[in-house]
Each structure stands twice: as C-alpha cells, then as structure tokens.
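# Tertiary structure, described
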Amino acid sequence: MLFRFDDLDRTLSFLEDVQRTFDHAVNRWGQPGGCPANAGGPWRVSQTDETIVVSIDLPGVRGSDLELTLDGDVLTIKGSRPVTTPDGYRVQMDERGAQTFTRKLTTPTPVDPERVEAGLADGVLTVTLHKTDAARPVTIPIQTQ
C-alpha cells in the first residue's frame, strides 16, 4: 500500500477545519450576542506588598468604550468593542464580533479608592490598585530576654 503525504495533509487540514467549526459553535451556545463567557479578554492579577496590578487583554477596545468602578473591594470593568464592516464588504466569517462585557474582581485586600491608576496601551488595560496602610504587611520585631 502506497502512502502519500499530500493525502495526510488534506485530511489533517480538514480535521482542523471541523475542530475550529465545532469550537466556534460550542463557544457561542447560550451566550447573549454570541460572546464567550470570558468576553473582554483574559486577566492577570498580581500583587506586591503595596499594590495589586490587574492586566486585561482588550484588543480593539478604546478607552472611551470602557467604564471602571471600584465599590468597596469590588473592581468592575464594563466595556464594548464595536465592529463595523466597510461599505461594499460582507462578512465571510466572524470570530471576533462586537462585544459588550462586564467583569468583576474582588480584591484580596482593602485598597485605597483615591489611589487607583488605569492605562490602556497596545490593547492591554492595566489597573493599579494601592493597598491601604492597614492591608500592608508589617514586620514585627521579636524581643529576646
């Protein structure tokens, strides 16, 4: 039996297309407007002794389309990404349609609402929350006798 690599390539390409189509359909089921559950992009939350830094991938989202609020220890990020089709074009496939999203994060420690900083650069929103003095760790000296 002869085996041709072209046949294998075509078969694998077909299977990748089927997998992509299946993933696309499953990700859109039950989602309002077809947005996946993690609309707004993946998060990274890190912290130091003084700050909590939240980074969120938001490709195609403008700063004017975002609203950030801090209510106690809950950071809420609301946003949208409009998508327009140029005149004379029709959509052939759309895996990154318009989105409206709301994401919430409960901070692990109290933060100072007067010292919140936010910036959007290269499609990444970075929010820096400064911990309150009471939330910062302190070193306790040990007295020896």
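## Looking at the sheet that holds strand 3 (residues 66-71)
Sheets are built from strands paired through backbone hydrogen bonds, the pairs being either parallel or antiparallel. In spatial order, the strands read 3-4-5; together these 3 strands make up an open sheet with antiparallel pairing. Looking at the sheet topology across the chains shown, the edges are occupied by strand 3 and strand 5 (99-106). Between one strand axis and the next, the sheet turns by 10° as a mean value, whatever way the strands run. Sheet analysis places strand 4 (residues 74-81) next to strand 5, joined by 8 bridges and oriented antiparallel. Paired with Leu75 across the bridge in strand 5 is Leu105.

## A word on the sheet that holds strand 1 (residues 43-47)
Pairing is antiparallel across the open sheet formed by 4 strands, whose spatial order is 1-2-7-6. Of all strands in the sheet, those with a lone pairing partner are strand 1 and strand 6 (111-121), marking the two edges. The sheet shows a mean angle of 15° between the axes of neighbouring strands, direction not considered.

## What to know about the environment of Leu120
Within the secondary structure, Leu120 is located in strand 6. When the C-alpha atoms of Leu120 and Ile56 are compared, they prove to be 9.4 Å apart, with 64 residues separating the residues in sequence. With near-sequence residues (within four places) excluded, Leu120 lies in contact with Val61, Arg62, Gly63, Leu66 and Leu125.

## Details of the side chain of Thr109
With respect to the helices and strands, Thr109 occurs in the loop between strand 5 and strand 6. Judged by relative accessible area, which is 19%, Thr109 ranks as buried. Setting aside chain neighbours within four positions, we find Thr109 in contact with Ile52, Lys131 and Ala135.

The rules we used
Residues numbered from 1 in each chain as written. Predicted model: local features only at pLDDT ≥ 70, side-chain atom pairs only at ≥ 80, totals over all residues. Heavy atoms only, no water. Pairing = 2+ DSSP bridges. Helix = DSSP H or I, 4+ residues; strand = E, 2+ residues; numbered from the N terminus. Axes fitted to C-alpha atoms, helices over the stretch in contact; angles between N-to-C directions. Contact = heavy atoms within 4.5 Å. Buried < 20%, exposed > 50% of the residue type's maximum accessible area, 1.4 Å probe, protein only.

Remember, this is a structural readout, not a statement about activity or role.
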